[in-house]
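Inside the fold
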Amino acid sequence: AQTVTQSQPEMSVQEAETVTLSCTYDTSESDYYLFWYKQPPSRQMILVIRQEAYKQQNATENRFSVNFQKAAKSFSLKISDSQLGDAAMYFCAYIRDSNYQLIWGAGTKLIIKP
Amino acid sequence: DSGVTQTPKHLITATGQRVTLRCSPRSGDLSVYWYQQSLDQGLQFLIQYYNGEERAKGNILERFSAQQFPDLHSELNLSSLELGDSALYFCASSVGLAGLQETQYFGPGTRLLVL
């Protein structure tokens, strides 16, 4: 079965510090895309960052970066200089070739302490 | 704002009833996806349409059905509603079957409460 595991139900970090959210996935595919989505209290689902599996270079979007370890099937999200607006649920997801379905993790709730 | 619109934002109904959720994709997007998010859980893929045709089916109950119209908007029909159907229903859209590089953009969701 294709699965995505986020082992941290909840994380907290002091404002301005750095936090890393972990994600592992299980797939037999060789080509796929990985995503981190953010869901703030408004419940809107917002794309944070995405990574192409065939690219070795880790994706970066401003304060957000990923550590993609393909062999280990690991895809962690690092948030630098955490801000109060970063408080949200963060979901890891991947999409595979066969049917373009997004497979989702259970989410990590990120709390930012002022 | 993702450009994907969903109506209504909130819906309260009773068990046994039928409701219709509506989604308008981003301008130019041909694919529409429906997801269900139960309380404090991840999203479950329900169904995907591409240019009016069903392309993929996930964990969609037989009591649920969907369609995509010629103007590309989509409707998700939920019938014989049960308490457990209470959830947030998301619609997402993408350009089309261009491959894995497509990003799905999500609407604000419809919160359904079945009493």
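One structure accompanies this document, and this report is about it. In this text the structure is predicted, and so the values were computed from the model without any measurement.

Things to note about the pairing of strand β7 (residues 64-68) of chain B
All names here are of chain B.
- Because side chains alternate across β7, one face comprises the buried residues Phe64, Ala66 and Gln68, and the other comprises Ser65 and Gln67, none of which is buried.
- Note: β7 against strand β8 (residues 74-78), five bridges, orientation antiparallel. By the bridge assignment for β8, Ser65 is matched with Asn77.
- With antiparallel pairing between neighbouring strands as the criterion, β7 and β8 make up a hairpin whose turn holds five residues, including Leu72 at a positive phi of roughly 80 degrees.

Quick word on the state of the cysteines
Residues and elements named next belong to chain B.
- Applying the stated criterion across every chain, the model contains two disulfides over all chains.
- In this model Cys23 forms its disulfide with Cys91; the gap between the sulfur atoms is 1.8 Å. Given an S-S torsion of about -50 degrees, the disulfide between Cys23 and Cys91 has left-handed geometry. A residue pair is termed long-range when its members are at least 10 positions apart, and Cys23 in strand β3 (residues 19-24) and Cys91 in strand β9 (residues 87-94) qualify at 68 residues.

Description of the interface of chain B and chain A
- Across the contact, 25 residues belong to chain B and 22 residues belong to chain A.
- Summing the contributions of chain B and of chain A, the shared interface buries around 1900 Å²; its carbon and sulfur component is 57%.
- There are zero salt bridges connecting chain B and chain A.
- In this assembly, chain B and chain A are joined by five residue pairs in polar contact (both at pLDDT 80 or more).
- Taken together, the elements giving at least two residues each to the side of chain B that touches chain A come down to β4 (31-37), β5 (43-50), β6 (53-57) and β9 of chain B.
- Across the side of chain B that touches chain A, the residue classes break down as eleven nonpolar, eleven polar and three charged.

Conventions adopted
Residues numbered from 1 in each chain as written. Chains lettered and ligands numbered in written order. Predicted model: local features only at pLDDT ≥ 70, side-chain atom pairs only at ≥ 80, totals over all residues. Heavy atoms only, no water. Buried < 20%, exposed > 50% of the residue type's maximum accessible area, 1.4 Å probe, protein only. Helix = DSSP H or I, 4+ residues; strand = E, 2+ residues; numbered from the N terminus. Pairing = 2+ DSSP bridges. Disulfide = S-S within 2.5 Å. Contact = heavy atoms within 4.5 Å. Buried area = accessible area lost by both parts, 1.4 Å probe. Salt bridge = Lys/Arg side-chain N within 4 Å of Asp/Glu carboxyl O. Polar contact = N/O pair within 3.5 Å; in protein donor to acceptor, adjacent residues only side chain to side chain. Nonpolar A, V, L, I, M, F, W, Y, C, P; charged D, E, K, R; others polar.

Read these as geometric descriptors, not functional statements.
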